[in-house]
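Fold and geometry: a report
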Amino acid sequence: MKSFALALGAGGARGLAHIAVFEALDELGLVPTAIAGSSIGAVAGAAYAAGMTGRALRHHVLGLAHNPTEVWRRLVAARTGRFGDLFSGNISAMRLDPEKLCELFLPDAIPDDFAALRLPLTVISSDLYRRCEAAYTEGPLRKVLASSIALPTIMCPVVIEERVLIDGGATNPLPFDLLRGRADVILAVEISGPPDHTRTGVPNAIEAMTSTVLVMMQAILTEKLKHETPDLLLHPHVGTFRTLDFFQASAILRAAEPIKSELKHKLLPLLK
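As the structure is a computational prediction, the values presented were derived from the model and not from experiment.

Before going further, it helps to examine helix 7 (residues 205-227). Here helix 7 is 23 residues long and its end C-alpha atoms lie 34 Å apart, about the 33 Å a rise of 1.5 Å per residue gives. Those residues of helix 7 lying buried are Glu 207, Met 209, Thr 210, Val 213, Met 217, Leu 221 and Lys 224. Looking at where helix 7 begins, the residue whose side-chain oxygen comes 3.2 Å from the main-chain nitrogen of Ile 206 is Asn 204.

Set out below in structure tokens:
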């Protein structure tokens, strides 16, 4: 059979749909030669590259989603400052520290360094001042993952080797282009979903910001696809969920379930 590489997209909580893709690959007994991911796709890709099965990752995610008290406790612990800072006007101190988030929420199976992974992994971050993507394949894995999920305003940037880094989705929300030449077939999973013409309400500040990032990511991806496409592009039906809907993990996984059949139906002929 031909080899294949796997690209996993950015999109916040919708990225939990990647778990269904892993489960389908596990059921087929297929293993990618390389993985590239951006933001939540990088986190999911790191777990899979570390050797976690789709089922194990599902168990980890649902265990958190069904325990909101514990999740909120960890979120409070991940703040960059204290509640008292608000009274001094330091609102930025209430942002989340993405490195603390990774420490508190990532599965233990994800190692500290790229070198300990079982599969080659490329993680995409965005260099804030150079205004370009930053692709990492080696070094401190958890710190790089923290930079890849550093959603502006909600989280503070991460500094690696004097580069100030933010969310990878700001420059390359679906990095299938970085996998060319590394496998015979490129499989990409795009999770932003189609535009929603039913919503008309004015969003709050946080939702407006996350939705703006989604608009930017969609524009980038649309332009990329005009020039090149992966061999197989999958779209789990999770577009109705919002960026921070992580407590909706069960519903997201149910909505993503049909992608397993589609993957099996379309990928196998490409590999033969």
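Attention shifts here to unusual backbone geometry. Residue Arg 131 is not a glycine yet carries a positive backbone phi of 60°. Its location among the elements puts Arg 131 in the loop between strand 3 (121-127) and strand 4 (132-136). According to the relative accessible area criterion, Arg 131 is exposed, its value standing at 77%. The phi angle at Glu 161 is positive, at roughly 50°, despite the residue not being glycine.

Moving on to the packing of helix 3 (residues 54-65) against helix 8 (residues 249-256). At a minimum axis distance of 9 Å, the contact between helix 3 and helix 8 shows a crossing angle of 145°. Contacts between helix 3 and helix 8 involve Arg 58, Val 61, Leu 62 and Ala 65 on the former and, on the latter, Ala 249, Ser 250 and Leu 253. Residues that form the contact of helix 3 with helix 8 fall into these classes: five nonpolar, one polar and one charged.

We now examine the nonpolar core. Counting 76 residues, the largest nonpolar core has Leu 6, Leu 25, Leu 121, Leu 141, Leu 145 and Leu 267 as the members making the most contacts within it. Looking at which element gives the most residues to this core, the answer is helix 2 (residues 40-49), with eight residues. Those residues in contact with Leu 25 that lie beyond four places of it in its chain are Phe 4, Leu 6, Leu 30, Tyr 48, Leu 263 and Leu 267. Counting residues in hydrophobic clusters, the runner-up holds eleven residues, among them Leu 174, Phe 176, Ala 183 and Leu 221.

In strand 2 (residues 35-38), alternate side chains face the same way, and those of Ile 35 and Gly 37 on one face and Ala 36 and Ser 38 on the other are all buried. Bridge count for strand 1 (residues 4-8) against strand 2 is three bridges, and the pairing is parallel. Residue pairing in the sheet places Leu 8 in a bridge with Gly 37 of strand 2. The parallel pair strand 1 and strand 2 is bridged by helix 1 (residues 18-28), and the resulting crossover is right-handed. By the bridge criterion, four bridges tie strand 2 to strand 3 in an arrangement that is parallel. Across the sheet, residue Ser 38 finds its bridge partner in strand 3, namely Ile 124.

The next point concerns the packing of helix 1 against helix 9 (residues 258-271). Between helix 1 and helix 9, whose axes approach to 9 Å, the crossing angle comes to 50°. Regarding the angle of helix 1 to helix 9, the classification is oblique. As helix 1 packs across helix 9, the resulting crossing turns out to be right-handed. Residues Ala 20, Val 21, Glu 23, Ala 24, Leu 25, Glu 27 and Leu 28 of helix 1 form the contact with helix 9, whose own contacting residues are Ile 259, Lys 260, Leu 263, Lys 264, Leu 267 and Leu 268. Taken together, the residues of the contact of helix 1 with helix 9 break down into nine nonpolar, no polar and four charged.

How each quantity is defined
- Residues numbered from 1 in each chain as written.
- Predicted model: local features only at pLDDT ≥ 70, side-chain atom pairs only at ≥ 80, totals over all residues.
- Heavy atoms only, no water.
- Helix = DSSP H or I, 4+ residues; strand = E, 2+ residues; numbered from the N terminus.
- Expected span 1.5 Å × (residues − 1).
- Buried < 20%, exposed > 50% of the residue type's maximum accessible area, 1.4 Å probe, protein only.
- Polar contact = N/O pair within 3.5 Å; in protein donor to acceptor, adjacent residues only side chain to side chain.
- Axes fitted to C-alpha atoms, helices over the stretch in contact; angles between N-to-C directions.
- Contact = heavy atoms within 4.5 Å.
- Nonpolar A, V, L, I, M, F, W, Y, C, P; charged D, E, K, R; others polar.
- Core = buried A, V, L, I, M, F, W, Y, C linked by side-chain atoms within 4.5 Å.
- Pairing = 2+ DSSP bridges.
- Right-handed = clockwise from strand over helix to strand, strands pointing away.
- Parallel < 35°, antiparallel > 145°, perpendicular 65-115°, else oblique.
- Left-handed = near helix turned anticlockwise from the far one by under 90°.

What is shown is where atoms sit, not what they do.
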